[in-house]
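# Overview (structure and organization)
If you want the building blocks of each chain, they are given just below.
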Amino acid sequence: MAKLPDYPGASSRVVNGKTYYRFRANRNAPQITLPGQPGDAAFEEAYRQAVAGTGKAADVIAMRPGRIVPRSFAAAQLRLETTMEWLDYDPQTQKKNAALIERFINMRVDPERALKWRDVPVEYLDADRLRAIIEGIFSKNRTVAKHMLVAIKKLLWVSIEVEKWIKPQDDPSLSIRVRVPKSKKNPAWPIAIREQFEARHPIGTAARTCYALGFWLGNRRGDIADLLWDELVTEEIELFDGSLVMIDAFDFRQKKNSNRHGGREMFIPVVDKLAEALAPLDRSKGGTVLKNGYGEPFSEKSLTGMMAHWTKQADIPAGYTLHGLRRTFGTYLAECNIQARMIMEAMGHSSMTVTDDYVRDANKKRMAVDIARAINAREEKRDQMKRRANLRIVSG
């Protein structure tokens, strides 16, 4: 019995020199004879109806507009969008994944035939076919390939964990990984760039306030735009050694994932440099900390353009962004030798993945310093030995 790669679920066998074709949805399903051979109109129609279902109802299902084939990827998509895990995603994440899933299920299984993945039972996607799909995208855009794999994994998750259509060990994505080089967008701001911005935009301006909030709070543009004076609190904190301190801090919830769990709760101290930047601002009217020249809040999206404008005024090259200041804060904490778990909490990360990058980069710089010191010390010893040897020769 030989499988037909272009026709998931179909196979052929040779009896007395003649080739016969059949379709079988799964091990427990009845066999359906396919007339003719691949490419024939009768074969193609019989295969289409076999994929759509079995028995007399197959014709109705196949001809019904917008049909959903049982246990197919279209059925998995429909079920996914009703799970509590999907409903917990923020709208932007849902939109991104939905677009990727639509792109996948509307791909043709074979470019020469009309059958699309939406009408194929999930169990017929094997590792080789999935790899071919991802590699085809990978050759054009690695990042899209990675996101596509994640989206398809969601359909497979529904099929395995929710509906039990396939077994965990039959997951075709288990052996496939897509690695994407670290993004060079939104780089951390070097000290020289930060000093250049500070020199151009004095304390009290909206530019300097936005910069200070972005750097010293290390949060996203939406949180910076919406930060309220009412969220600035003074609390008495008992330290681990039993001593008491009074501290000013911003106590707020991050906007990201606010519809999932209300947003991560943040408590970020106001360090001296941030306190200096906030000191001349008018707090009497309350509202947002960051305001434009008319005393109105900035919108989240407008801050991206404004930061580009402010950096241009300071003759800073394009590319240094508000999100880059968030990375600067993470890098700064790592260079201060703050523990990775503390950095994660300070920045509101949901996992250690990004945090580990900050720590790894900081450690790499520390090791570079140690290497330089070791080399310089070794060379200094060699130079001292040479000088001593020359002295002995001269004195001799």
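Notes on the structure follow. Owing to the predicted nature of the structure, the values given are computational and were not obtained by experimental measurement.

Attention now moves to the sheet that holds strand S4 (residues 32–34). Spatially, S1-S2-S3-S4 is the arrangement adopted by the four strands of the open sheet, whose pairing is antiparallel. Of all strands in the sheet, those with a lone pairing partner are strand S1 (2–3) and S4, marking the two edges. Pairing between strand S2 (residues 10–15) and strand S3 (residues 18–23): six bridges, direction antiparallel. When the sheet's bridge partners are listed, Val14 is paired in S3 with Thr19.

As defined by bridge partners, strand S5 (residues 232–238) adjoins strand S6 (residues 244–253) across seven bridges and the pair is classed as antiparallel. In the strand pairing of S6, Leu232 is matched with Phe250. Turn length for the S5-S6 hairpin, with the two strands adjacent in sequence and antiparallel, is five residues, and the turn residue Gly242 shows positive phi of about 95 degrees.

As a further point, take the environment of Ile152. Within the secondary structure, Ile152 sits in helix H7 (residues 142–162). Spatially, the C-alpha atoms of Ile152 and Arg382 are 61 Å apart, while their sequence positions differ by 230 residues. Sequence-distant contacts of Ile152, that is, excluding residues within four places in its chain, are made with Phe104, Leu125, Leu130 and Ile134.

Right, let's get into the sheet that holds S6. Across the sheet, which stays open at both edges, the three strands sit in the order S5-S6-S7 with antiparallel pairing between neighbours. The two strands at the open ends of the sheet, each matched to only one other strand, are S5 and strand S7 (265–269). Neighbour to neighbour, the strand axes of the sheet diverge by 45 degrees on average, direction disregarded.

Nonpolar side chains tend toward joint burial in soluble globular proteins. Among the nonpolar cores identified, the biggest contains 44 residues, and Tyr47, Phe73, Phe104 and Trp117 are the most heavily contacted of them. Other than its neighbours up to four places away in sequence, Phe104 contacts Phe73, Trp117, Leu125, Ile133, Met148, Ile152 and Leu155. Counting residues in each nonpolar core, the second largest holds 42 residues, with Trp229, Leu303, Phe329 and Ile343 among its members.

To continue, consider the pairing of S2. Bridge count between S1 and S2: two bridges; the pairing is antiparallel. Residue Ala2 lies in a different strand from S2, and its bridge partner there is Ser12. Hairpin connection from S1 to S2: six residues lie between these consecutive antiparallel strands, with Gly9 at a positive phi of about 95 degrees. Two successive antiparallel strands, S2 and S3, enclose a turn made up of two residues, where Asn16 displays a positive phi of approximately 55 degrees.

Moving on, we get to the packing of helix H14 (residues 322–335) against helix H15 (residues 340–347). As a packed pair, H14 and H15 sit with axes 10 Å apart at the nearest point and diverge in direction by 155 degrees. As judged from the angle between their axes, H14 and H15 are roughly antiparallel. For the pair H14 and H15, the crossing hand works out as right-handed. Residues Arg326, Phe329, Gly330, Leu333 and Ala334 of H14 pack against Ile343, Ala346 and Met347 of H15.

Let us now look at the packing of aromatic side chains. With the rule as written, the count across this model stands at 16 aromatic pairs. Measuring from ring centre to ring centre gives 6.1 Å for Trp189 and Tyr320, while their planes differ by 70 degrees; the resulting arrangement is edge-to-face. Taken together, the residues Trp189 in the loop between H7 and helix H8 (191–200) and Tyr320 in the loop between helix H13 (300–313) and H14 connect sequence positions 131 residues apart. Both residues of the pair, Trp189 and Tyr320, count as buried. Where Phe197 meets Tyr211, the ring centres are 5.0 Å apart and the plane angle is 25 degrees; that geometry is what we call stacked. Highlighted residues: Phe197 in helix H8 and Tyr211 in helix H9 (residues 206–217), separated in sequence by 14 residues. One exposure class covers both Phe197 and Tyr211, and it is buried. Ring-pair connections join several aromatic residues into one group, and the members of that group are Trp189, Phe197, Tyr211, Phe215, Trp216, Tyr320 and Tyr332.

Rules used in this analysis
- Residues numbered from 1 in each chain as written.
- Predicted model: local features only at pLDDT ≥ 70, side-chain atom pairs only at ≥ 80, totals over all residues.
- Heavy atoms only, no water.
- Pairing = 2+ DSSP bridges.
- Helix = DSSP H or I, 4+ residues; strand = E, 2+ residues; numbered from the N terminus.
- Contact = heavy atoms within 4.5 Å.
- Axes fitted to C-alpha atoms, helices over the stretch in contact; angles between N-to-C directions.
- Core = buried A, V, L, I, M, F, W, Y, C linked by side-chain atoms within 4.5 Å.
- Buried < 20%, exposed > 50% of the residue type's maximum accessible area, 1.4 Å probe, protein only.
- Parallel < 35°, antiparallel > 145°, perpendicular 65-115°, else oblique.
- Left-handed = near helix turned anticlockwise from the far one by under 90°.
- Phe/Tyr/Trp six-rings, centres within 6.5 Å; stacked < 30°, edge-to-face > 60°.

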